[in-house]
Amino acid sequence: MPDMSASASLAMTHLVTLAELDEDKVTPGVLGFVVFAVMALAVWGLMRSMSRHMGKVDFKEAPDTEADAPGGGRVEPQRG
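Everything in this summary refers to the structure shown in the same document. Note that the structure is a prediction, hence the values are computed from the model and not measured.

Rules of the game
- Residues numbered from 1 in each chain as written.
- Predicted model: local features only at pLDDT ≥ 70, side-chain atom pairs only at ≥ 80, totals over all residues.
- Heavy atoms only, no water.
- Helix = DSSP H or I, 4+ residues; strand = E, 2+ residues; numbered from the N terminus.
- Buried < 20%, exposed > 50% of the residue type's maximum accessible area, 1.4 Å probe, protein only.
- Areas by Shrake-Rupley, 256 points an atom, 1.4 Å probe, with all protein chains shown as cover.
- Patch = residues over 30% accessible without salt bridge, like charges linked within 9 Å, V, L, I, M, F, W, Y side chains within 5 Å.
- Salt bridge = Lys/Arg side-chain N within 4 Å of Asp/Glu carboxyl O.

We now examine the overall build of the protein. Helix and strand counts for the protein stand at two helices and zero strands. Here the protein holds 80 residues, and 0% of them are scored as buried. Summed over its atoms, the accessible surface of the protein is roughly 8,300 Å², and 65% of this surface lies on carbon and sulfur atoms.

As C-alpha cells, this is what we get:
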C-alpha cells in the first residue's frame, strides 16, 4: 500500500465520517432548497425592478418658487 501523507489520511477519515448517515439528523431537504430558490428568485426580480424604476427617476430639482417670497423662503419657528 502506498504511503499516504498526513493531509491525505485526514481527508480520508473525513470522507469516511461523511459517508455514514445519521438517521436522527434533521436536514432541510428538497423543500428547504425549493423555498430558498424561490426567495432568491424573488429578491433578484425585486432588485431588477428597482433598478429599472431608479433609472426612470429624474434627479434634477425644480426651481424653488418660495425663494422669491419675502424672507428668502425661510420659515421662522413659531413661539408658544
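Okay, a nonpolar patch on the surface next. A cluster of nonpolar residues, Val43, Met47, Met50, Met54, Val57 and Phe59, forms a patch on the protein surface that exposes about 620 Å² of accessible area. Mapping Met50 onto the fold places it in helix α2 (residues 29–56).

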